[in-house]
Amino acid sequence: MQPKQIEVKAALEASSAQAQEAARQRALLRTSGVIAALVAIVAIVDVFSHGHFLTETNLTNVLRQISDNAILAVGQTFVIITAGIDLSVGSLIQLTGVVMATFANAMPFDGIPLVAATLLVGLVVGCFAGFVNAVPVVRLNLPPFITTLAMMLMARGLAFKLSNGQPVPLNSSAFDTIGTGFFFKVPIAVLWMAVIVVVFAFLLTRTRFGRYVFAIGGNEEAARLAGINVHFVKTMVYVISGGCAAVAGLLLMARFSSGSPQTGIGDELHSIAAVVVGGTSLMGGRGSVIATFLGALLIGLLNNAMDLLNIESYTQDIVLGAVILIAVVIDELRKRYLRA
Amino acid sequence: MRGIAKSFPGVRALAGVSFDVRAGEVHALVGENGAGKSTLMKILAGAQRADEGVIEIDGKPVEIDGPRAAEAAGIGMIYQEFNLVPDLGVVENIVLGHEPERRGVLDRAAAARDATAVLTELGITLPLDRPARRLSVAEQQMVEICKALIRKARLIVMDEPTAALTDRETDALFALVHKLRAQNVAFVYISHRLEELPRIADRITVLRDGMAVATKLTGELTQEELIRLMVGRELEAHFPPLPAVAGDAAPLLAVKALCSGRVQDVTFSVRAGEIVGLAGLVGAGRTEIVRAIAGADVPDGGEVEVAGQRVVVRGPESAIAAGIALITEDRKAQGLVLGMSVRENTTLAHLDCFSPRGVIDLRAERAIAAQEIAQLNIRTPNSEQIVRNLSGGNQQKVVLAKWLIGDAKIYLFDEPTRGIDVGAKVEIYNLMLALLARGAAIVMVSSELPEVLGMSHRILVVREGRIRAEFAQADATPDRVIAVATGVAA
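Quick caveat: nothing in here was measured; it's all calculated off a predicted structure.

Enquirer: Honestly, the overall build of chain A in this entry has me stumped. Any pointers?
Expert: Each helix and strand in chain A was counted, giving 13 helices and 4 strands. Expected size for 340 residues packed as a compact globule is a radius of gyration near 20 Å; at 21 Å, chain A falls within 12% of this value. Structurally, chain A occupies a C-alpha span of about 65 × 55 × 35 Å along its principal axes. Within chain A, buried positions represent 47% of all 340 residues. Sequence-distant contacts in chain A: of pairs separated by 6 or more residues, those separated by 24 or more amount to 79%.

If you want it as structure tokens, here you go:
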């Protein structure tokens, strides 16, 4: 089917520019809350930590610390925009970590080919788990909360079973670059995160697939009647989420030089927190990868700031919980204000 | 109820209706779809508030500002769709909200006693523990009546109570109503089935266009008079004249022996340049027919042909690929993604045209959205406006825009002008004519009889899932169509 002849007249250009401006303003409004909070934290903490906060080393560190959660949260964003949820991603870090480490140790080759092959194996495991998550959701309309909860338990159990509960140390040093290396002062893990954020932000905002993700989250029936293959799109968001978990699993395995069944426990909640703090609605239909990244960054900066201010970890949890609650309350109030 | 008036944005649903019910009376309320029956009853039940007018009970004005106030005033409402909790048993449903307690703990024995007392009084037996979901429709209705009685209702409103009942169940219901009437309970009885009114109603009020046009004793009215009162108006002049269909035009859409759910053995065809109207009462199966053609529901059987080519309808995609566009009746639930912009909604069904290799060409997308906004005269500040913020008429135009950009050959309109103002209606009629001029075929479902009569070359009357009669525009009078739709004539 061909689009009708499109005549771009001067008048259309004018309204188009106006429309572009409106879209930009809306996007800015959506992320302005997070950005304001980021600026406030940076300013306050820098004063109280006597300048230890705003140093290159420290900020680089924060970025490295958030890289795995940010990647996890990118996948989670896709799922949540379709009004779903993925509780299995923390366990998939555990599972893919163990599987990848075991696989890497068994391979006769080394270097870049080993890293590539290991990543591929991790992706297959993660994406397949995502596919299994999606099938009952798509075919039987079961709530994703249930199917991914089941996957969370199965993947966690499998990770412990395969590793006998012990970390699997990596024999090869090929992964060290990813774990601790730098590229012009930027940690390699941070580059991975940046690439994933940019690629998936593009996928979500500029492609047909991304548009369908929003349409399904906004009104699944209208999307179906518009001829959209709802089953395929919904399946793919869980596959993407599982794949993101595998990449996060690889980064964590590389950082600790071992695939541990302990690594990743509870991370699904941190990823959901990053998405929510970024302003994505759990009701579906709204959200942004960039906002999720800012949400992960905000949480990471808070954690780091509290470390610098010598706040012990129990108190940190209390503060983090409060911040999440405040973030969503402010977001809701702002939306109501904008609507009125 | 006196001088009740209610307006919705763009529509005046009730224009000063006065209505009274006496103790121990069954008062029937009839009227065409959209005449205002439901709105009037919702106001009485506290589900909606009147803009003007007073409600009096025993001569004293009462304020009904919610369902609780209605209940306290002794008004029980039984909607067509029942309000039972599917997994609770008969007893729990009857006492719902009025559970007897002893020191804060549910008193099951007392609940069963209360429920049994009502059932005995009515002389009916129901399995007390069976969850509501496993009761028959008639049994669920009995539970609803018991619910109303345990709340000491003195006036019970029933909306289309016999629509889903068999003849024997209807007899049982009428017996029950007569029994309660003898105990001074009053009923408001809403029905489309005119033939049953003489058996049940003492008086009949006819609503038309939000006004009560007549209140008469049942014996004073024949069915013919009733129909004339319900329809009782000249076709309004705002329908543009339909161009004649070319005599040699071949059928563009042919539907053969289509079955889907309640829809049985529906066969008809539409030629290029022709509008076929589907008339009938709400629930007759008209929507199901167009949904099956468009693949919104996958048909159980039958064939759909477009320009002589058989189309295997497996879902919306296959129908869209065959050039069939369905403009659904509920634009908010099925037609639009409300949180998306005008642009995004406009291109949703044909995004592949703007995204070779999957990446959306935003410039082309904006241009086509702007073009459709101009062409359909959609009143929106720009193409980025969220459609939730548009008026009903403009939302409907966005739905149309979505299907216009694909160059479909067959347009299925389901209630195309519901809830939009007259000006926007005329614009949509003119748009339908423009589609005809492009060689399209149109099927229109509408509950507004003047619209079907004024905007269709041929009219098919649907009742209980089947096409019961066909009229050419010149032969179709409101009386004849209503007579077939209500089952008075074959």
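After that view, the rundown keeps rolling.
Enquirer: Quick question: what am I supposed to make of the overall build of chain B here?
Expert: When helices and strands are counted, chain B shows 17 helices and 22 strands. In terms of overall dimensions, chain B is globule-like: its C-alpha atoms have a radius of gyration of 25 Å, near the 23 Å expected for 490 residues. If one aligns the C-alpha atoms of chain B with their principal axes, the spans along those axes are about 70 × 55 × 45 Å. The burial tally for chain B puts 48% of its 490 residues in the buried class. Within chain B, residue pairs in contact and separated by at least 24 positions form 67% of the contacts whose partners lie at least 6 positions apart.

Enquirer: Just to check I follow, could you spell out the packing of helix H8 (residues 223-231) of chain B against helix H17 (residues 478-485) of chain B for this structure?
Expert: When two helices pack together, you describe them by how their axes are tilted relative to each other and by the distance separating the axes. Residue and element names in this part refer to chain B. Orientation of H8 relative to H17, taken along the N-to-C sense of each, is 115°, at an axis distance of 10 Å. In the packing of H8 onto H17, the handedness of the crossing is right-handed. For the pair H8 and H17, contact is made by Ile-227, Arg-228, Met-230 and Val-231 and by Pro-478, Asp-479, Ile-482 and Ala-483, respectively.

Enquirer: Explain helix H8 (residues 208-218) of chain A here, please?
Expert: Along an α-helix, residues three or four apart share an orientation, since each turn contains 3.6 residues. With 11 of 11 residues buried, H8(A) lies mostly within the body of the structure. The secondary structure elements touched by the buried residues of H8(A) are helix H2 (56-81), helix H7 (188-206), helix H9 (220-225) and helix H10 (230-256) of chain A together with helix H12 (342-347) of chain B.

Enquirer: What is the right way to look at the sheet that holds strand E3 (residues 26-30) of chain B in this model?
Expert: Remark on secondary structure: sheet strands pair via backbone hydrogen bonds, oriented parallel or antiparallel. Residue and element names in this part refer to chain B. A sheet is described by the order of its strands in space; here 6 strands give the open sequence E6-E9-E10-E3-E11-E12, paired in mixed fashion. At either end of the open sheet lies a strand with only one pairing partner, and these are strand E6 (75-78) and strand E12 (211-217). Strand-to-strand twist in this sheet, taken as the mean axis angle between neighbours without regard to direction, amounts to 20°. Pairing geometry for E3 and strand E10 (residues 186-190), over 4 bridges, is parallel. Counterpart to Ala-28 in the pairing with E10 is Tyr-189.

Enquirer: What is the right way to look at the confidence of the model for chain A in this model?
Expert: This prediction gives chain A a mean pLDDT of 87; 90% of its residues lie at or above 70. Note that residues 1-15 of chain A has pLDDT below 50 and, in this model, 19 contacts with residues that lie over four places away or in other chains.

Enquirer: Looking at this model, I keep getting lost on the interface of chain B and chain A. Mind explaining?
Expert: Accessible area lost on assembly of the parts is the figure often given for the size of an interface. On the side of chain A, 32 residues touch chain B, which itself brings 38 residues to the contact. Sorting the residues of the side of chain B that touches chain A by element identifies helix H10 (316-321), helix H11 (331-335) and helix H13 (362-376) of chain B as the ones contributing at least two each. At 6 residues, H13(B) tops the list of elements feeding residues into the side of chain B that touches chain A. Within the side of chain B that touches chain A, the residues separate by chemical class into 21 nonpolar, 11 polar and 6 charged.

Enquirer: Would you explain the sheet that holds strand E15 (residues 275-280) of chain B in this entry?
Expert: Residue and element names in this part refer to chain B. Strand order in the open sheet formed by 6 strands is E18-E19-E20-E15-E21-E22, with mixed pairing between adjacent strands. Sheet topology places strand E18 (324-327) and strand E22 (466-472) at the edges, where each strand pairs with a single neighbour. Across the sheet, the mean angle from the axis of one strand to that of its neighbour is 20°, orientation sign disregarded. Both E18 and strand E19 (residues 410-414) contribute to a ladder of 4 bridges, which runs parallel. Following the sheet pairing, Ala-325 is matched in E19 by Tyr-411.

Enquirer: Just checking my understanding: could you explain the packing of helix H3 (residues 89-106) of chain A against helix H11 (residues 267-277) of chain A for this structure?
Expert: Residues and elements named next belong to chain A. The N-to-C vectors of H3 and H11 enclose an angle of 130°; their axes lie 6 Å apart at closest approach. Compared by their axis directions, H3 and H11 come out oblique. Along its contact with H3, which presents Val-89, Gly-90 and Ile-93, the element H11 presents Asp-267, Glu-268 and Ser-271.

Enquirer: Would you mind showing me how to read the pairing of E10(B) here?
Expert: Walk down a regular strand and you will see the side chains alternate between the two sheet faces. Residue and element names in this part refer to chain B. Burial analysis of E10 places 5 of its 5 residues in the buried class, which makes it a mostly covered element. Burial of the side chains of E10 extends over both faces: Ala-186, Val-188 and Ile-190 are buried on one face and Phe-187 and Tyr-189 on the other. One ladder, built from 5 bridges, connects strand E9 (residues 155-159) with E10; its direction is parallel. Residue pairing for E10: Leu-155 is matched across the bridge by Ala-186. Regarding the hand of the β-α-β motif, the stretch spanning E9, helix H6 (residues 167-182) and E10 is right-handed.

Enquirer: What is the right way to read unusual backbone geometry from this model?
Expert: Peptide bonds are trans in most cases, and residues, glycine excluded, mostly fall at negative phi. All names here are of chain A. Phi at Lys-185 is positive, roughly 70°, even though this residue is not glycine. Among the structural elements, Lys-185 can be located in the loop between strand E2 (182-183) and strand E3 (186-187). Of note in the backbone geometry, Asn-310 takes a positive phi value of approximately 60° without being a glycine.

Enquirer: Explain the nonpolar core here, please?
Expert: Nonpolar side chains in soluble globular proteins generally cluster together in the buried interior. Val157(B), Ile324(B), Ile410(B), Tyr411(B), Leu412(B) and Ile442(B) are the most contacted members of the largest nonpolar core, which has 239 residues in total. Top element by residues in this core is H10(A). It accounts for 17 residues. Setting aside anything within four residues of it in sequence, one finds Ile442(B) in contact with Ile275(B), Tyr411(B), Phe413(B), Met432(B), Leu435(B) and Leu436(B).

Enquirer: Would you mind going over the domain arrangement of chain B with me for this structure?
Expert: For chain B, the assigned domains read domain 1 (2-231) and domain 2 (251-485). If you average the C-alpha positions of domain 1 of chain B and of domain 2 of chain B, the two centres end up 35 Å apart.

Enquirer: Help me understand the confidence of the model for chain B in this model?
Expert: Residue and element names in this part refer to chain B. Summarising the model, chain B shows a mean pLDDT of 85, and 95% of its residues fall at 70 or more. Here strand E1 (residues 2-8) is the element of chain B with the lowest mean pLDDT, 58, and strand E20 (residues 441-445) is the one with the highest, 95. Both scores are available for the predicted complex, with the pTM at 0.78 and the ipTM at 0.81.

Enquirer: Looking at this structure, how should I read the environment of Ala349(B)?
Expert: Within the element layout of this structure, Ala349(B) appears in the loop between H12 and H13. When the 24 C-beta atoms within 10 Å are taken as the criterion, Ala349(B) is described as buried. Each C-alpha atom, one on Ala349(B) and one on Trp403(B), is 7.4 Å from the other, the two residues being 54 residues apart in sequence. Sequence-distant contacts of Ala349(B), defined by excluding residues within four places in its chain, comprise Ala226(A), Gly227(A), Ile320(B), Lys402(B), Trp403(B) and Gly406(B).

Enquirer: Where do I start with the environment of Pro478(B) in this structure?
Expert: Residue and element names in this part refer to chain B. Checked against the element boundaries, Pro-478 lands in helix H17. With 21 C-beta atoms packed within 10 Å, Pro-478 lands in the buried category. Considering only alpha carbons, one finds Pro-478 and Thr-166, 312 residues apart in sequence, at a separation of 28 Å. Setting aside its immediate chain neighbours within four residues, Pro-478 contacts Val-231, Leu-449 and Leu-453.

Enquirer: Got a minute to help me understand H13(B) in this structure?
Expert: Under the 1.5 Å per step criterion, the end-to-end length of H13(B) is 21 Å for 15 residues, consistent within 8% with the ideal 21 Å. Positive phi shows up at Asn377(B), right after H13(B), with a value of about 60°.

Rules and cut-offs
Residues numbered from 1 in each chain as written. Chains lettered and ligands numbered in written order. Predicted model: local features only at pLDDT ≥ 70, side-chain atom pairs only at ≥ 80, totals over all residues. Helix = DSSP H or I, 4+ residues; strand = E, 2+ residues; numbered from the N terminus. Rg over C-alpha atoms; globule rule 2.2 N^0.38 Å. Buried ≥ 20, exposed ≤ 12 C-beta atoms within 10 Å, placed from the backbone. Contact = placed C-beta atoms within 7 Å. Axes fitted to C-alpha atoms, helices over the stretch in contact; angles between N-to-C directions. Left-handed = near helix turned anticlockwise from the far one by under 90°. Pairing = 2+ DSSP bridges. pLDDT = per-residue confidence, 0-100. Nonpolar A, V, L, I, M, F, W, Y, C, P; charged D, E, K, R; others polar. Parallel < 35°, antiparallel > 145°, perpendicular 65-115°, else oblique. Right-handed = clockwise from strand over helix to strand, strands pointing away. Core = buried A, V, L, I, M, F, W, Y, C linked by C-beta atoms within 7 Å. Domains from an automatic or database assignment. Expected span 1.5 Å × (residues − 1).

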